[in-house]
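Here's the letter readout for the chains.
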Amino acid sequence: MPVDNFISFDPQQWETILAREEADRAAGAPMTALSQLVRLGLGQSSLNSVASNVPPALIARLVETGLWSPEQTITLTIAIPNPRQRVAACALLLRNENLVMPQREEISAIAVAALREVPESTGWLADASPRGHALLLVAPRLAGDPVAEALQMALALPGRVLGDTVSDRMRAIAALSPQLEGGLLDEALQAVTALQDVVECAGGLTLLARQLPKAQQETVWTQALDIALTRVYEPGEVKIIQGDQVSTVPTGGPSETDRLLAVSMLATTVEGALLSQVLDIALSAPQKAADEDTATEPGSGQRREPAWGRPFINIISGLVERLDPAQIGRVLETAFKIDDETYRVRTLAELAPYLTETQQAAVIETASTITDEAARITVLAGLGPHLQGALLDQVLQDELGLVVADQTEVRSPFSWVKKVISRPPPSESKIKDVKKRIDLLAAVAPNLSNAQCQAALNVTWPIKDERDRARLLNALVPQLAEAQQNKVIKEALKVVPRIKSDLDRAKALAELGRHVTGKNMAQVLQAVLKLPERVLGPGSRSPIAEALRELAPHLPPKLQAQALEAYAST
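If you're wondering where the values come from, they're calculated on a predicted model, not measured in any experiment. (Residues numbered from 1 in each chain as written. Predicted model: local features only at pLDDT ≥ 70, side-chain atom pairs only at ≥ 80, totals over all residues. Heavy atoms only, no water.)

1. Quick look at the side chain of Asn 96
Next up, step 1: In this structure, Asn 96 sits in the loop between helix H6 (83–93) and helix H7 (101–117).
Next up, step 2: What makes Asn 96 buried here is its relative accessible area of 8%.
Next up, step 3: Not counting the four nearest positions on each side in its chain, Asn 96 is found in contact with Val 63, Glu 64 and Arg 104. (Helix = DSSP H or I, 4+ residues; strand = E, 2+ residues; numbered from the N terminus. Buried < 20%, exposed > 50% of the residue type's maximum accessible area, 1.4 Å probe, protein only. Contact = heavy atoms within 4.5 Å.)

2. Quick notes on the packing of aromatic side chains
Next up, step 1: A complete count under the given rule lists 2 aromatic pairs for this structure.
Next up, step 2: A centroid spacing of 5.4 Å and a plane angle of 90 degrees characterise the contact between Trp 308 and Phe 312, whose relative ring orientation is edge-to-face. With respect to burial, Trp 308 and Phe 312 carry one shared label: buried.
Next up, step 3: Ring centres 5.9 Å apart and planes at 50 degrees place the aromatic pair Trp 308 and Tyr 343 in the tilted group. Placement of Trp 308 in the loop between helix H15 (272–288) and helix H16 (309–319) and of Tyr 343 in helix H18 (residues 341–351) is noted, with a sequence separation of 35 residues between them. For the pair formed by Trp 308 and Tyr 343, the shared burial category is buried. (Phe/Tyr/Trp six-rings, centres within 6.5 Å; stacked < 30°, edge-to-face > 60°.)

3. Quick word on the nonpolar core
Next up, step 1: In this structure, Leu 135, Val 138, Leu 142, Leu 319 and Val 528 are the most contacted members of the largest nonpolar core, which totals 147 residues.
Next up, step 2: Counting residues per element, this core draws most heavily on H15, which supplies 8 residues.
Next up, step 3: Aside from chain neighbours lying at most four places away, what touches Val 138 is Val 87, Ala 91, Leu 94, Ala 111 and Leu 115. (Core = buried A, V, L, I, M, F, W, Y, C linked by side-chain atoms within 4.5 Å.)

4. As for the pattern of salt bridges
Next up, step 1: What the rule picks out here adds up to 13 salt bridges.
Next up, step 2: A salt bridge links Arg 344 to Glu 341, with the shortest nitrogen-to-oxygen separation between them at 3.6 Å. A residue pair is termed a helical-turn pair when its members lie 3 or 4 positions apart in one helix, as Arg 344 and Glu 341 do in helix H18 at 3 residues.
Next up, step 3: For Arg 514, the salt bridge identified is with Glu 511, shortest N-O distance 3.3 Å.
Next up, step 4: Given a relative accessible area of 24%, Glu 511 falls into the partly exposed group.
Next up, step 5: Here the residues in one salt-bridge network are Glu 511, Arg 514 and Glu 550, joined through shared partners. (Salt bridge = Lys/Arg side-chain N within 4 Å of Asp/Glu carboxyl O.)

5. Focus: the confidence of the model for the protein
Next up, step 1: For the protein, per-residue confidence averages 78 on the pLDDT scale, and residues scoring 70 or more make up 76% of the total.
Next up, step 2: At the level of individual helices and strands, the protein shows its lowest average pLDDT in helix H1 (residues 3–7), which scores 45, and its highest in helix H17 (residues 325–337), which scores 94.
Next up, step 3: Note that residues 291–303 has pLDDT below 50 and, in this model, 15 contacts with residues that lie over four places away or in other chains. (pLDDT = per-residue confidence, 0-100.)

6. With respect to the packing of helix H14 (residues 256–264) against H16
Next up, step 1: One way to put it is that H14 packs onto H16 with a least axis distance of 9 Å and a crossing angle of 20 degrees. It follows that H14 is roughly parallel to H16 by the angle criterion. For H14 against H16, the interelement crossing comes out left-handed. Contact residues: H14 offers Thr 257, Leu 260, Leu 261, Val 263 and Ser 264, while H16 offers Pro 311, Phe 312, Asn 314 and Ile 315.
Next up, step 2: Class assignment for the residues of the contact of H14 with H16 results in 6 nonpolar, 3 polar and no charged. (Axes fitted to C-alpha atoms, helices over the stretch in contact; angles between N-to-C directions. Parallel < 35°, antiparallel > 145°, perpendicular 65-115°, else oblique. Left-handed = near helix turned anticlockwise from the far one by under 90°. Nonpolar A, V, L, I, M, F, W, Y, C, P; charged D, E, K, R; others polar.)

7. Notes on the environment of Ala 475
Next up, step 1: If you trace the backbone, Ala 475 turns up in helix H24 (residues 466–476).
Next up, step 2: When the C-alpha atoms of Ala 475 and His 515 are compared, they prove to be 9.8 Å apart, with 40 residues separating the residues in sequence.
Next up, step 3: Sequence-distant contacts of Ala 475, defined by excluding residues within four places in its chain, comprise Ala 442 and Ala 445.

The structure is reproduced here in structure tokens:
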């Protein structure tokens, strides 16, 4: 029987036919409705079978293309036995902008009804809430009365456990917040304010404040900051997860780390005086912990992460784009004093795009004292796109051993790729790892002169891996003069096809395609079209599809048609 016939069954017919059957039996008349009951039962069973086998994405696509009406699809969605799959189908259907409001409200009601059937917890504290996960799928698009019940579900989800930053409850409220207004928004603000956990409370208020008029936002931010700094818990217990073990410890109030985490929730939104206050709180954290032994756990030999580290970085990352030069200087001064190298490096990397030339010079000097090669490159790579002149020359010479003394001594810019170089790196270079050198060169590449690019290509480093060669070429090619570009691109077209990994080859070809034109672009496309459609492994990724997706915007019209035809066949 066609699927359309299955969809024509109305579940409410059961009640009508059953009532008629009871009336016939009471009157002693023949049971004429029995055949209809059997037919309806078989039809409903078939509909359930079809519904459970149709992927949610296909259901949504049937509506988008007009093959099914929204009413037909809604009937099929209701019949999906698995509530999580039903929610997923509703979430996809609600993406359709052509749905009218009554249809959106009906689908929202189906989704919320399905959410009631999804368990709130798996029974394991470390696991994410199944209901919370399902709610995240549909919350941003819910409409009408079902939003109120969805809010209650979000507020009832498990809260934060010690060591977490964001709970299932906060994720759900964040997803649902754009749908909250008027009385529902007020209700949400009151419920979140009543949460005892300072991190959840401050985070929730910050999220909900975005839905308020600008004039009211600062009041809520101020309230959230006050709660983060002053709220005291009633004596109780807090749950701690260590691997598969869950334990409880007594607590009488939020720790300094929790207070700092709560403050960090405000970092991306606050302005003016509140921004300065949040910055002051962050900059005082490393100083407060200066006397704390954060180097190792006793007897373990393992580095112990400072408790203030993550929230401190979260605050700096959230504020840095809105800091004035004087405030940037204060953060930099604090960064130089941080004993923990990991967080000193991360702070310097966050500041890198906003530093003056004098500050850049100070950071380069500090970076030269960092013995960990990966950490040093993290700092310098952050500075890389912003370095100019003498500071750029200094980094190239000190870190890479790269000096352009006389352009007449520079060899052909592509000769290095013609053979495998086995000679060790220059003694002047501090960086022993080839990949790290390429990381740094790729970062500074936008500011390199043509001569510096040619010198970089000619440095006799042991670059044996075609992936590394291709990555270096793709970083430097845009900075070369046109004549050198064409030669290097031709060599790159010889190097890239030799990359063994299909996915890595696809990535390199897509990157190369951003820099080529004319016949070279046609060659890149031909190399892409030779990629396999699928590779084994998790996700069953398609190298040709990934490469074509990245390459398509850079293709001329004639090649676009060829690429789209190939993409459609994958």
